[in-house]
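Inside the fold
Spelled out, the chains give:
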Amino acid sequence: MKDATVLENLNTSVVGRDMRFFDSVKSTNETARQLADEGASDGTVVVAEMQTAGLGRYGRNWFSPPDSIFMTVILRPNEKTPVQTACAMGTVAVCDAVRAKTQLRAEIMWPNDVVVNDRKICGVLAEASSCVLLGIGVNVNFTRSKLPAEIKKTATSLSAEMRKKVDRAGLMAKILQELDALYSTWSVGNTDLLEEEWRSLSATLGNQVIVTENNLSYEGRAVDVSITNGLVLDLPEGGTRAFLPDEASLIR
Ligand code: BTN
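Residues numbered from 1 in each chain as written. Predicted model: local features only at pLDDT ≥ 70, side-chain atom pairs only at ≥ 80, totals over all residues. Heavy atoms only, no water.

**Section: the overall build of the protein**
- When helices and strands are counted, the protein shows six helices and 12 strands.
- Here the protein has a C-alpha radius of gyration of 18 Å; the compact-globule value for 252 residues is 18 Å, and the two agree.
- Oriented by its inertia axes, the alpha-carbon framework of the protein measures out at about 55 × 45 × 30 Å.
- The burial tally for the protein puts 53% of its 252 residues in the buried class.
- Taking the intrachain contacts of the protein between residues at least 6 apart in sequence as the baseline, contacts between residues at least 24 apart amount to 65%.
- Separation of charge centres in the protein, based on 27 positive and 32 negative side chains, amounts to 7 Å. (Helix = DSSP H or I, 4+ residues; strand = E, 2+ residues; numbered from the N terminus. Rg over C-alpha atoms; globule rule 2.2 N^0.38 Å. Buried < 20%, exposed > 50% of the residue type's maximum accessible area, 1.4 Å probe, protein only. Contact = heavy atoms within 4.5 Å. Lys, Arg positive; Asp, Glu negative; His and termini not counted. Charge placed at Lys NZ, Arg CZ, Asp CG, Glu CD.)

Given below as structure tokens:
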């Protein structure tokens, strides 16, 4: 990576102590899995300039144009850590880093998309086995005309929102610093502070939203978001209903 110096000189305790740079991989999560199987240490970061088969949630493809961020962090938390909270750590770190580096008001759209002006700029994919592979993709420097038709309405890039090029390596370094700070408590099983911050950055909480589950749509006001209990809607016919991220999708 041409701007790697800032990443090689990171001042972190665990995350990014070992950085592995690649020009092109199929998916950084896949490369990270191979490296983890070979014994890569806790906090190792796999970064690629390009992905030829970037992986999104639900087996979707992840649009991976040049000059964006594609990275996967190998995490080896202790057995007390609920690994389903890993994605929240990724989204909180990206939100805080984007806010610090660009002054854009990044927020979290339930469950784990980072949005700016209601459009997605980052997706997080966590895969857990003997370790956790925390994959983070951030749309950094490209014009919205490059977006594939199916995500044109719902996605954007940081440079499109800023109307100028963004310092990608500086942003990546800040994301890794934020992750490192969150990791010290998360990795020993304390997820309360993380959940509080994740909730406070929510773009969904308090809004009227539509959720689909098993081909049925539900519209209501989002009265709670919790990593373990999901998204809770206040329904117009009375009462509340909770939706879990693996079973439901947020439409709006
Ligand atoms: C989503 O669907 O919102 C999650 C997208 C995650 C994309 C990132 S890009 C880096 C890492 N490698 C992958 O193949 N996927 C994740």
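There is more to say, and it comes next.
**A short note on the site of the ligand**
- Taken together, the neighbourhood of the ligand is formed by 19 residues, with Ser27, Thr28, Leu55, Arg57 and Lys120 sitting nearest.
- Between Thr28 and the ligand, the recorded distance is 2.9 Å, taken from a side-chain N or O atom to a nitrogen atom.
- For the ligand, whose accessible area on its own is 420 Å², the fraction buried by protein is 98%.
- Listing elements by their share of the shell around the ligand, those giving two or more residues are helix H2 (28-37), strand S3 (69-75), strand S6 (119-128) and strand S7 (132-138). (Near = heavy atom within 4 Å. Polar contact = N/O pair within 3.5 Å; in protein donor to acceptor, adjacent residues only side chain to side chain. Areas by Shrake-Rupley, 256 points an atom, 1.4 Å probe, with all protein chains shown as cover.)

**What about the packing of helix H3 (residues 86-102) against helix H5 (residues 168-186)?**
- Between H3 and H5, whose axes approach to 8 Å, the crossing angle comes to 135°. Considered as vectors, H3 and H5 are oriented oblique to each other. Two packed elements cross with a definite hand, and for H3 against H5 that hand is right-handed. Listed contacts from H5 to Ala86, Met89, Gly90, Val92, Ala93, Val94, Asp96, Ala97, Val98, Ala100 and Lys101 of H3 are Gly170, Leu171, Lys174, Ile175, Glu178, Leu179, Leu182, Tyr183 and Trp186.
- Considered class by class, the residues forming the contact of H3 with H5 number 14 nonpolar, two polar and four charged. (Axes fitted to C-alpha atoms, helices over the stretch in contact; angles between N-to-C directions. Parallel < 35°, antiparallel > 145°, perpendicular 65-115°, else oblique. Left-handed = near helix turned anticlockwise from the far one by under 90°. Nonpolar A, V, L, I, M, F, W, Y, C, P; charged D, E, K, R; others polar.)

**A few points about the packing of aromatic side chains**
- Counting across every chain of the model gives three aromatic pairs.
- Between Tyr218 and Phe243, the ring centres sit 5.1 Å apart and the planes meet at 55°, which makes this aromatic pair tilted. Here Tyr218 is found in strand S9 (residues 216-226), whereas its partner Phe243 is found in strand S11 (residues 240-243), with 25 residues between them in sequence. (Phe/Tyr/Trp six-rings, centres within 6.5 Å; stacked < 30°, edge-to-face > 60°.)

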